[in-house]
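# Geometric and topological summary
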Amino acid sequence: MTKIYTCNVPIEADLVDAFCVLQKGFTDQFVYYDKQRACRYMGLGRCIALPSLREVECEYGSEGAGTHGTTDAAAQQPPVFFSFNRFDSTNPTPADELMASFPRLRFMLPEIVLIENERGRFLQVNSLGPVYPGRVARFERLCAQAPAREAVAIPFTLEPDSRAQWDAQMVAALEAIAAGRVSKVVLSRRKRLTAAHPFSSKDLLVNLIDGDGRGTVLLYRYADVFFCGCTPELLVRKQGDRVESMCLAGTCPVGATPEASDALAAALMADGKNRAEHDYVVQLIRGVLDRVCYDVAVPAAPEIMRLAHVQHLFTPARARVLAGITLADLMEDLHPTPAVAGTPVGEARMLLRAIEPYSRGFYAGACGFVDAAGDGEFSVALRTGVFDGEGGWVYGGCGIVAESDPDAEYEEIDLKLKTILSAFGKDA
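No experiment lies behind these values; they were computed from the predicted model shown.

Here is what the cut-offs are and how they apply
Residue positions are given per chain, counted from 1 along the sequence in the order it is written. For this predicted model, a pLDDT threshold of at least 70 governs which residues receive local features, and a threshold of 80 or more governs which side-chain atom pairs are given and counted, while totals over whole chains, interfaces and linings are taken from all residues. Just so you know, side-chain values use all the structure's heavy atoms and leave hydrogens and water out. Domain start and end points were adopted from an automatic or database domain assignment. Two residues form a contact once any of their heavy atoms are found within 4.5 Å. Summed over both partners, buried area is the accessible surface (1.4 Å probe) that two parts give up on being assembled. In the sections that follow, a salt bridge refers to a side-chain nitrogen of Lys or Arg positioned within 4 Å of a carboxyl oxygen of Asp or Glu. The numbering of helices and of strands both runs from the N terminus, where a helix is a DSSP run of H or I of at least 4 residues and a strand a run of E of at least 2. When a residue's accessible area, from a 1.4 Å probe over protein chains only, is under 20% of the maximum for its type it is buried; when over 50% it is exposed; and in between it is partly exposed. DSSP-based pairing: two strands are paired if at least 2 bridges between them are found.

## Focus: the domain arrangement of the protein
- Assigned domains within the protein: domain 1 (2–144) and domain 2 (156–199 + 233–424).
- Put simply, the middle of domain 1 and the middle of domain 2, counted by C-alpha atoms, are 27 Å apart.
- The interface of domain 1 with domain 2 comprises 34 residues on the first partner and 44 residues on the second.
- Together, the buried faces of domain 1 and domain 2 total about 3,100 Å²; carbon and sulfur atoms form 60% of this surface.
- On the domain 1 side of the interface with domain 2, the three residues burying the most area are Y32, F87 and M99, jointly 26% of the side's total.

## Quick notes on the pattern of salt bridges
- Considering all chains together, one arrives at 33 salt bridges under this definition.
- Between E332 and R106 there is a salt bridge whose closest N-O contact spans 2.2 Å. With E332 in helix α9 (residues 327–334) and R106 in the loop between α3 (97–100) and β7 (107–109), the pair connects residues that are 226 residues apart, well separated along the chain.
- Relative accessible area serves as the criterion here: at 44%, E332 is assigned to the partly exposed category.
- Residue class for R106 comes out partly exposed when judged on its relative accessible area of 22%.

## Some details on unusual backbone geometry
- Here the residue pair H335 and P336 is connected by a cis peptide bond, since its omega of -5 degrees sits within 30 degrees of zero.
- Among the structural elements, P336 can be located in the loop between α9 and β19 (342–343).
- Cis peptide bonds are those with omega within 30 degrees of zero, and the linkage from T343 to P344 qualifies with -10 degrees.
- Of note, P344 is situated in the loop between β19 and α10 (345–355).

## Topic: the pairing of strand β22 (residues 384–387)
- Burial of β22 is two-sided: the residues T384 and V386 facing one way and the residues G385 and F387 facing the other way are all buried.
- Pairing of strand β13 (residues 225–231) with β22, which is carried by four bridges, proceeds in the antiparallel orientation. Pairing of G229 across the sheet is with T384, part of β22.
- Sheet topology note: the β22/strand β23 (residues 391–400) ladder contains three bridges and is antiparallel. Pairing of V386 across the sheet is with W393, part of β23.
- The turn joining β22 and β23, which pair antiparallel and follow one another in sequence, is formed by three residues; a positive phi near 95 degrees is taken by G389.

Structure follows, in structure tokens:
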């Protein structure tokens, strides 16, 4: 049994401003920040890493902790663990040197977590011994005094990736589809980025949160290397016995006007190739939920999710989970979906090992948080990159089926890369 001491105190500070102040003293950083709703968790430092949360005991701070004391809502907030999982953790192909430098850890408990959820805003301090009240008070004071954050534009250059290599991957993918080995496979590209001057994880985080990208901002920093991005795709959310997921596959551009976007969306909705690609994801998610949940609700037809640069076919899924099934169980059953691997998933993943020249690392992996009560959520790490403060790699992908056109799919990935490139500022 692992015993964790946790103290939660309410705060009024803007979470991102407070994070920008506190992050100077911590090399380990973890962020799961939903831009559309109050599901925002920003961790600093590492108290402990655990392979499982099944034997965790929590002791909460007393009324005397901090300058404001705890509240009922704060006292109910369990310690928050972060989890960043690779797309294919057993892939023998080496990851790039940046991805490879991250440790292989399961659930990571930060020393400090800044929280904004349905209960309010809190500062959480975690420890393996009783929490020192003076430390809580100091962090409270720093949060309260945090100045407004400032955005920094970071000019950069991108090295072109090999078009010949892409064409070869497309040939291999379409041959595998024609042979009946897979019905769909999701190929990816990566580009090397070099910045004009040094930058920090904080710089990219602020630009992603304050930028026009829609979705959940992710960040995992280990020492001087960090993985980050803004993903539109929820994998699974659990609160009590209630579960949500989404099917996200099928893409078209955004138009220059709302009317043009509407016309493109209507064409996407009517496109047989994209509808078939989307249905592969719907079938898998419905199948998993039917197996481990009840009251499963998945609409028969998709909707349109409109983002800053692209539009997607989107189908929400809801259910109630059977007793004994954890969030980690659901994450492992659902990931990877056909939206990021292909179908059948196992065969598609083996095909990707053969034809992609690199291991994806965290790109398209399942990244999120879970609290000690078992609630939390994971998103699929799309629109992401890995960096060292001077440069790094940016990643994008697209689903390939029999009707796919190599030129169109190549251009679709370039559109998707715009989201992670926006992390370098609008003037970059």
